[in-house]
Amino acid sequence: MADPNGFLSQPRVDAAKRAVDERLGDWREVYRHLDPDDRDRQVRAQATRCMDCGIPFCHSGSAGCPLGNLIPEWNDLVRGGHWPMASERLHATNNFPEFTGRLCPAPCEAACVLAISPDSGGAVTIKRVENTIADVSWERGYVRPVTPAVSTGRTVAIVGSGPAGLAAAQQLTRAGHEVTVFERDDRLGGLLRYGIPEFKLEKKVLDRRLAQLRAEGTRFVTGCEVGGAGPGAMPVERLRAEFDAVVLAVGALRGRDAPNIPGRDLAGVHLAMDHLVPANRQCEGDGPTPVDAHGKHVIIIGGGDTGADCYGTAIRQGAASVVQLDQYPQPPNTRDDDRSPWPVWPWILRTYAAHEEGGERRFAVAVDRFVGDADGTLTAVQLREVRVHKNPTTGVREVVPLNDEVHVLPADLVLLAIGFEGVEHLPLLDALNLKLTPRGTLACGRDWQTTTPGTFVCGDAHRGASLVVWAIAEGRSTAHAVDAYLTGASDLPAPVHPN
Ligand code: SF4
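Counting from 1, residues in each chain are numbered in the order their sequence is written. Local features in this predicted model are restricted to residues of pLDDT 70 or higher, and side-chain atom pairs are both shown and tallied only at a pLDDT of 80 or more, whereas totals for entire chains, interfaces and linings draw on every residue. Side-chain metrics in this entry use all non-hydrogen atoms of the structure; hydrogen atoms and water are not considered.

## Comments concerning the site of the ligand
Item 1. Residues are classed as near a molecule or strand on a simple rule: at least one heavy atom within 4 Å of it. Around the ligand sit Cys50, Met51, Cys53, Pro56, Cys58, Ile71, Pro72, Asn75, Cys112, Val113, Val124 and Ile126, and those are all the residues in its vicinity.
Item 2. Secondary structure elements follow DSSP: runs of H or I no shorter than four residues count as helices, runs of E no shorter than two count as strands, and numbering proceeds from the N terminus. Of all the elements, helix H4 (residues 71–79) adds the most residues to the shell around the ligand, at three residues.
Item 3. Residues are grouped as follows: Ala, Val, Leu, Ile, Met, Phe, Trp, Tyr, Cys and Pro are nonpolar; Asp, Glu, Lys and Arg are charged; every other residue, Gly included, is polar. Split into classes, the residues belonging to the shell around the ligand amount to 11 nonpolar, one polar and no charged.

## Some details on the state of the cysteines
Item 1. By disulfide we mean two sulfur atoms from cysteines, separated by a distance within 2.5 Å. Inspection of every chain in the model, using the stated rule, returns zero disulfides.
Item 2. Here Cys310 is not cross-linked by a disulfide; its sulfur's nearest cysteine counterpart is in Cys283, at 14 Å.
Item 3. Judged by its relative accessible area of 0%, Cys310 falls in the buried class.
Item 4. Cysteine Cys444 shares no disulfide, and the gap to the nearest cysteine sulfur, in Cys458, comes to 9.8 Å.
Item 5. For every residue, the accessible area obtained with a 1.4 Å probe (protein chains only) is divided by the maximum for its type, and the residue is called buried under 20%, exposed over 50%, and partly exposed between those limits. Exposure remark for Cys444: the relative accessible area of 24% places this residue in the partly exposed category.

## As for the domain arrangement of the protein chain
Item 1. Split into domains, the protein chain comes out as domain 1 (6–139), domain 2 (155–253 + 421–487) and domain 3 (269–416).
Item 2. Put simply, buried area is the surface a 1.4 Å probe can reach on two separate parts but cannot reach once they are joined, added for both. Buried surface at the junction of domain 1 and domain 2, both sides included, amounts to about 2,300 Å², of which 69% is carbon and sulfur.
Item 3. Salt bridges are identified by distance alone: a Lys or Arg side-chain nitrogen within 4 Å of an Asp or Glu carboxyl oxygen. The tally of links from domain 1 across to domain 2 stands at three salt bridges.
Item 4. Here Glu202 and Arg28 are joined by a salt bridge, their closest N and O atoms 4.0 Å apart.
Item 5. Residues adjacent in sequence count toward polar contacts only when both atoms are side-chain atoms; beyond that, a polar contact is any pair of N or O atoms within 3.5 Å, and within protein one must be able to donate a hydrogen and the other to accept it. Viewed at the interface, domain 2 and domain 1 are joined by 11 residue pairs in polar contact (both at pLDDT 80 or more). Either an automatic procedure or a domain database provided the assignment from which the domain bounds are taken.

## Looking at the packing of aromatic side chains
Geometry of an aromatic ring pair is reported as the spacing of the ring centres plus the angle between the planes.
Item 1. Only the six-membered ring of Trp is used, alongside the rings of Phe and Tyr, when aromatic pairs are assigned; centres must lie within 6.5 Å, and planes under 30 degrees apart are stacked while those over 60 apart are edge-to-face, with the rest tilted. Applying the stated criterion across every chain yields a total of four aromatic pairs.
Item 2. Ring plane angle 40 degrees and centroid distance 5.2 Å describe the contact between Phe96 and Phe99, whose orientation is recorded as tilted.
Item 3. A residue is classified by how much of its surface remains accessible, and Phe96, at 0% relative accessible area, is buried.
Item 4. In this scheme, Lys NZ or Arg CZ marks a charge over a ring once it lies within 6 Å of the ring centre and within 35 degrees of the ring normal. Directly above the ring of Tyr194 sits Arg281, whose terminal nitrogen or CZ lies 4.2 Å from the centroid.

## Things to note about the sheet that holds strand S13 (residues 413–416)
Item 1. The rule for pairing is simple: two strands pair if DSSP sees at least two bridges between them. What the five strands build is an open sheet, ordered S5-S13-S6-S7-S8; its pairing is parallel. Across the chains shown, the open sheet's two edge strands, defined by having one partner strand only, are strand S5 (269–271) and strand S8 (360–362). The average angle at which neighbouring strand axes cross in this sheet is 20 degrees, direction not considered.
Item 2. Across three bridges, the pairing between strand S7 (residues 321–325) and S8 is parallel. If you follow Gln324 over to S8, its bridge partner there is Arg361.
Item 3. Helix-sheet contacts for helix H13 (residues 272–283) involve S5 and S13, and the interaxial angle to S5 is about 75 degrees. For every element, the axis is a line fit to its C-alpha atoms; helices are fit only across the contacting stretch, and the angle between N-to-C directions ranges from 0 to 180 degrees. By definition in these notes, contact holds between two residues if any of their heavy atoms fall within 4.5 Å.

## Comments concerning the nonpolar core
Item 1. Formed by 68 residues in total, the largest nonpolar core has its most connected members in Trp74 and Ile158.
Item 2. If you count residues domain by domain, this core takes at least three from each of domain 1 (6–139) and domain 2 (155–253 + 421–487).
Item 3. If sequence neighbours within four positions are ignored, Trp74 has contacts with Asn69, Ala86, Arg89, Leu90, Ile126, Val129, Glu130 and Ile133.
Item 4. Residues enter a nonpolar core if they are buried and are Ala, Val, Leu, Ile, Met, Phe, Trp, Tyr or Cys, with the set joined through side-chain atoms within 4.5 Å. Counting 21 residues, the second-largest nonpolar core is a separate cluster that includes Val236, Leu239, Phe243 and Leu442.

## Observations regarding the environment of Ala19
Item 1. Topologically, Ala19 is positioned in the loop between helix H1 (6–9) and helix H2 (20–23).
Item 2. Looking at Ala19, the relative accessible area reads 46%, which means it is partly exposed.
Item 3. Between the C-alpha atoms of Ala19 and Arg32, which are 13 residues apart in sequence, the distance is 8.7 Å.

## Some points on the side chain of Ser161
Item 1. Checked against the element boundaries, Ser161 lands in the loop between strand S1 (155–159) and helix H9 (163–174).
Item 2. Judged by its relative accessible area of 1%, Ser161 falls in the buried class.
Item 3. A polar atom in the side chain of Ser161 sits 2.7 Å from the side chain of Glu183.
Item 4. There is a polar contact of 2.9 Å between the side chain of Ser161 and the backbone nitrogen of Gly189.

## Some remarks on the sheet that holds strand S2 (residues 178–182)
Item 1. Pairing is parallel across the open sheet formed by five strands, whose spatial order is S3-S2-S1-S4-S14. Whereas interior strands pair on both sides, the edge strands pair on one side only; in this sheet they are strand S3 (219–221) and strand S14 (455–457). On average, each strand axis in the sheet is tilted by 20 degrees relative to the strand beside it, whichever way the strands run.
Item 2. In this structure, S1 lies alongside S2, joined through five bridges in parallel fashion. Paired with Thr155 across the bridge in S2 is Glu178.

What follows is the structure, given as structure tokens:
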């Protein structure tokens, strides 16, 4: 039984980070690896703060965990030191808790009943407990391949090996289908591999999970663009002929650009992914990156996760200076402050580990123009102080200069981290004759089936750029739909529904 007063005696203690000097000397994960006994004791104490609420808002609903993670159950199991059972309950709803435990901004913690009152000491450290169960599960061998008991003889192609594609692949393989994942890159993992920096997710964590999927029977083909023209490409007609169902988990990687800002074409102005992908490749041993921040004055435009990833990457590359710009004012310290311009915590502008590592953030500013030299190379950015507001008549968000004052910052490298606009213009979309939504994502019905029968969608390709936890939830739900399509009914879970 949970202790309803545990939070009164046990303060919230977040996972400890390594010292800044130490973590800037390598690319390893920011969080400190504690001695296992200390770690287990600390996390068991954190789990005692959970009250096992009658209505656990952390667990599901519009604000809680999209996967329906059984948070009060595994908190109680951890409290009692029952790690194998905690691992079983965690994996019952989440294929990859080691990814969510590291990368998810934890909407469950925002929804935790203890987050409501400032006197409670804060939400249960759900993310820390989850990540620890995941790490313990791997260390002690609780995670093993789960091979299917039967074979259905049905075949499924999954296009894309990010978290949504991998979750769908694991669910469908375990249901007895023959699953092949096609990845256009040379290595598996999608954004987990080439979008997320090593200091947030060491790729050995991804590789050990991929080994489990392989051992369960999922097949992988890398360097294969479905519908592409290059060597190793897979024609769409062949895909349709050889597979009974197709799942598109191609992400939403079309980066938002700023074509109207004068000077956008100058050498040195890049989209964020032009920086992050080669930096991750360099960590994989692929040689120097063409967009290296070393010795440069770096300006990052955009205050979200991608901007913070560029920030930490630029600092580790040895940038001369790093400045991150945001149009919104410096956020308040609490979610209750109604001055906050941000929709709902934790999607407010947050302070990331990277922001402790140097550099500077500037708020309530917008770039007026990029300044270059006679050779067309970026040398500076010109800023204005601004206010963002919603036009009461049109409802459109407007950015209004506050005064005529102009600020100039030196810049050799600008990284645009201002969001994504839907799926890329992939040849397979035309070949499959797929319809897009106004948000640039793939349209689908209530059964996740796109406008082409037998072809399904999940993850960012359906939802738009979102959280890893949503990608896994959609992958699981699409697997349910595909299983039902192939066999007439499905026992697989479907934690979420299409928009
Ligand atoms: Fe525990 Fe918080 Fe969930 Fe309640 S809302 S069950 S205290 S984690």
